[in-house]
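Close look at the chain arrangement
The chain contents come next:
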Amino acid sequence: MSTRKVPFFDYPYVFKSEEETYMNIFKDVCSRGAFILQKDLTEFEKNLAEFVGVKYAVGVANGTDAITMGLRAAGIKEGDECIFSSHTFVATAAAIHYAGGKPVPVECAPDHQISVEDIRKNITDKTKFIVPTQLNGRCSKMDDIIEIANEYNLKIVEDSAQALGAKFKGQCAGTFGSSGSISFYPAKVLGCFGDAGAVFTNDEEVYKSLMIQRDHGRCPETGEVVDWGLNLRMDNLQAAFLNQKLKSYPSVITRRREIAAIYNDRLKDLEQLALPPAPTEGGDYFDIFQNYEIRAERRDELKKFLADNNIGTLCQWGGKAVHEFEALKLSKDLPFTEQVTSTMLLLPINMSVSNDDIEYVCETITKFYKSL
Ligand SMILES: *Cc1c(COP(=O)(O)O)cnc(C)c1O
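Presented here is an overview of the structure given in this document. (Residues numbered from 1 in each chain as written. Predicted model: local features only at pLDDT ≥ 70, side-chain atom pairs only at ≥ 80, totals over all residues. Heavy atoms only, no water.)

Details of helix H7 (residues 142-152)
Turning to H7, its buried residues are Met142, Ile145, Ile148 and Ala149. Down the axis of H7, the smallest arc covering the buried residues is 120°, so these residues share one side. Where H7 terminates, the next one or two residues include Asn153, which has phi positive at roughly 60°. (Buried < 20%, exposed > 50% of the residue type's maximum accessible area, 1.4 Å probe, protein only. Helix = DSSP H or I, 4+ residues; strand = E, 2+ residues; numbered from the N terminus. Arc of directions from axis to C-beta.)

Structure, rendered in structure tokens:
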């Protein structure tokens, strides 16, 4: 038996990959006393906006607040129906709930992104928002979604927490609608050393609202309180770390696409699996592979077999779609999504795994199905 270990995610690696550089940043920022709303944050916001090709990026406390703020900035009102894919993190629905909206879960499509057909089926005269999750580092079918939004006069607020740098027809996730959100949770593709997030927008009014919301309702120029606000700011220290990490981010995307290509090549002939679309050059989609999510027959047995062979895997969201959490009272008949949640599995994909590790994962999966 192999002694190789492939953990699902290596948290200390987030720091250890460039330990000395981060220690120097820590010293520099802290000895300047630059803790809240300082130049490191402003610089990171500028670089981030440039990276995705958007007018404004606003650093906030986390990815969940980013969605809530985006909805508020777009003028959500009590009871506004917001359509989202049930195959998402509970945070998408919670953000809608806390912004005063009514979360309306719909089906996902075979590529696990929100189903365009099911968006149409769920539109009522109370529908005001579409909140597509750009899941696993891939964009939803944004041209169709924009068409529906225009037809019914709906606003789009993207949950692009998992998709920094993912593109649809050359345009980055988070830049299609009224606003888009990003999470810098440590396990995200661009992860920091704690919680942080950002909101993107091209709309100056939305931008102004975000800046006011995040700092106790104060106007950034005058300091005067001009509205109700909260403390939703990104730590300046996290911004300084993220600014460093952003420099090597394009190579991170390249590496993740490389790993995904190996998975696709080695696993494509196993008929017991449904794989995510392979990374392609020059097509409509540029995926950054936050996750490599497969659907697998006998998923639970496979998961156990992999664990017995020292390979870490994960069922996203604890194995349930949002409408399956009974406490939230969003129960609904979403048969395809339930088929997905009962078969889905995330394979290891991150910067600390080697090609040999990936080959080992593929060999072990193949061994499992050949042994049946
Ligand atoms: C991570 C994530 C969030 C929330 O981000 P936090 O920074 O943890 O609040 C929201 N939606 C999706 C799809 C996510 O993966």
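What about unusual backbone geometry?
With a phi angle near 45°, Leu37 is a residue other than glycine that sits in the positive phi range. Along the polypeptide, Leu37 turns up in the loop between helix H2 (19-31) and helix H3 (39-52). What makes Leu37 partly exposed here is its relative accessible area of 32%. Even without being glycine, Asn136 reaches a positive phi, approximately 60°. Inspection of the secondary structure puts Asn136 in the loop between strand E4 (127-130) and H7.

Overview of the sheet that holds strand E1 (residues 56-60)
Here we have seven strands laid out as an open sheet, ordered E1-E9-E8-E5-E4-E2-E3, and mixed in their pairing. This sheet does not close on itself; its edge strands, each paired only once, are E1 and strand E3 (102-106). On average, adjacent strands in this sheet sit at an angle of 25° to one another, irrespective of strand direction. When strand E8 (residues 179-183) meets strand E9 (residues 197-201), the two strands line up antiparallel, connected through four bridges. (Pairing = 2+ DSSP bridges. Axes fitted to C-alpha atoms, helices over the stretch in contact; angles between N-to-C directions.)

Things to note about the site of the ligand
As a structural note, the neighbourhood of the ligand is formed by 13 residues, with Gly63, Thr64, Asp159, Ser183 and Lys188 the closest of them. Within the backbone of Gly63, one N or O atom sits 2.7 Å away from an oxygen atom of the ligand. At a separation of 2.6 Å, an oxygen atom of the ligand approaches a polar side-chain atom of Ser183. When the residues that make up the shell around the ligand are grouped by side-chain class, the tally is four nonpolar, seven polar and two charged. (Near = heavy atom within 4 Å. Polar contact = N/O pair within 3.5 Å; in protein donor to acceptor, adjacent residues only side chain to side chain. Nonpolar A, V, L, I, M, F, W, Y, C, P; charged D, E, K, R; others polar.)

Brief notes about the packing of aromatic side chains
Taken as a whole and assessed by the stated rule, the structure comprises 15 aromatic pairs. With a centroid separation of 5.0 Å and 80° between ring planes, the pair formed by Tyr22 and Phe193 is classed as edge-to-face. Of this pair, Tyr22 sits in helix H2 while Phe193 sits in the loop between E8 and E9, and the two are 171 residues apart along the sequence. Look at Tyr56 and Tyr207: their rings are 4.0 Å apart centre to centre, the planes differ by 10°, and that puts the pair in the stacked class. (Phe/Tyr/Trp six-rings, centres within 6.5 Å; stacked < 30°, edge-to-face > 60°.)

Section: the pattern of salt bridges
Any two side chains of opposite charge can pair, so long as their charged atoms come close to each other. Within this structure, the stated rule accounts for 22 salt bridges. Among the salt bridges present, the one from Glu205 reaches Lys208, with a minimum N-O distance of 3.8 Å. One end of the pair is Glu205 and the other is Lys208, both in helix H8 (residues 204-213) and three residues apart, which spans about a single turn. Exposure remark for Glu205: the relative accessible area of 52% places this residue in the exposed category. Ionic pairing is found between Lys268 and Asp265, a salt bridge with its closest N-O pair at 3.3 Å. The class for Lys268 is exposed, based on a relative accessible area of 51%. Since its relative accessible area comes to 39%, Asp265 is described here as partly exposed. Taken together, the shared-partner salt bridges connect Lys141, Asp143, Asp144 and Lys169 into one network. (Salt bridge = Lys/Arg side-chain N within 4 Å of Asp/Glu carboxyl O.)

Focus on the pairing of E9
When you tally the buried positions in E9, you get five out of five residues, the bulk of the element. Side chains of E9 alternate between two faces, with Gly197, Val199 and Thr201 and Ala198 and Phe200 buried alike. Note that E1 and E9 share five bridges and pair antiparallel. Paired with Ala57 across the two strands is Phe200, which belongs to E9.

Here we look at the nonpolar core
In this structure, Leu48, Leu164, Phe184 and Tyr249 are the most contacted members of the largest nonpolar core, which totals 46 residues. Breaking this core down by element, the ones donating at least two residues are H3, E3, helix H6 (116-121), H7, E9, helix H9 (236-247) and helix H10 (249-267). When residues in this core are grouped by element, the largest group, five residues, is from H3. Non-local contacts of Leu48, meaning those with residues more than four positions away in its chain, are made with Ala57, Leu164, Phe184, Ala198, Phe200 and Leu246. (Core = buried A, V, L, I, M, F, W, Y, C linked by side-chain atoms within 4.5 Å. Contact = heavy atoms within 4.5 Å.)

Brief notes about the side chain of Asp215
Structurally, the position occupied by Asp215 is in the loop between H8 and H9. The class of Asp215 is buried, set by a relative accessible area of 12%. Only 2.8 Å separates the side chain of Asp215 from the side chain of Arg233, close enough to count as a polar contact. Asp215 has contacts with Leu37, Leu230 and Arg233, leaving out every residue within four places of it along the chain.

Structural notes on the packing of helix H11 (residues 299-308) against helix H13 (residues 355-370)
Orientation of H11 relative to H13, taken along the N-to-C sense of each, is 130°, at an axis distance of 10 Å. On the basis of the axis angle, H11 is oblique to H13. When the axes of H11 and H13 are compared, the crossing they make is right-handed. Only Val361, Thr364, Ile365, Lys367, Phe368 and Tyr369 of H13 make contact with H11, whose side of the interface consists of Glu301, Leu302, Phe305 and Leu306. Here the residues of the contact of H11 with H13 sort into seven nonpolar, one polar and two charged. (Parallel < 35°, antiparallel > 145°, perpendicular 65-115°, else oblique. Left-handed = near helix turned anticlockwise from the far one by under 90°.)

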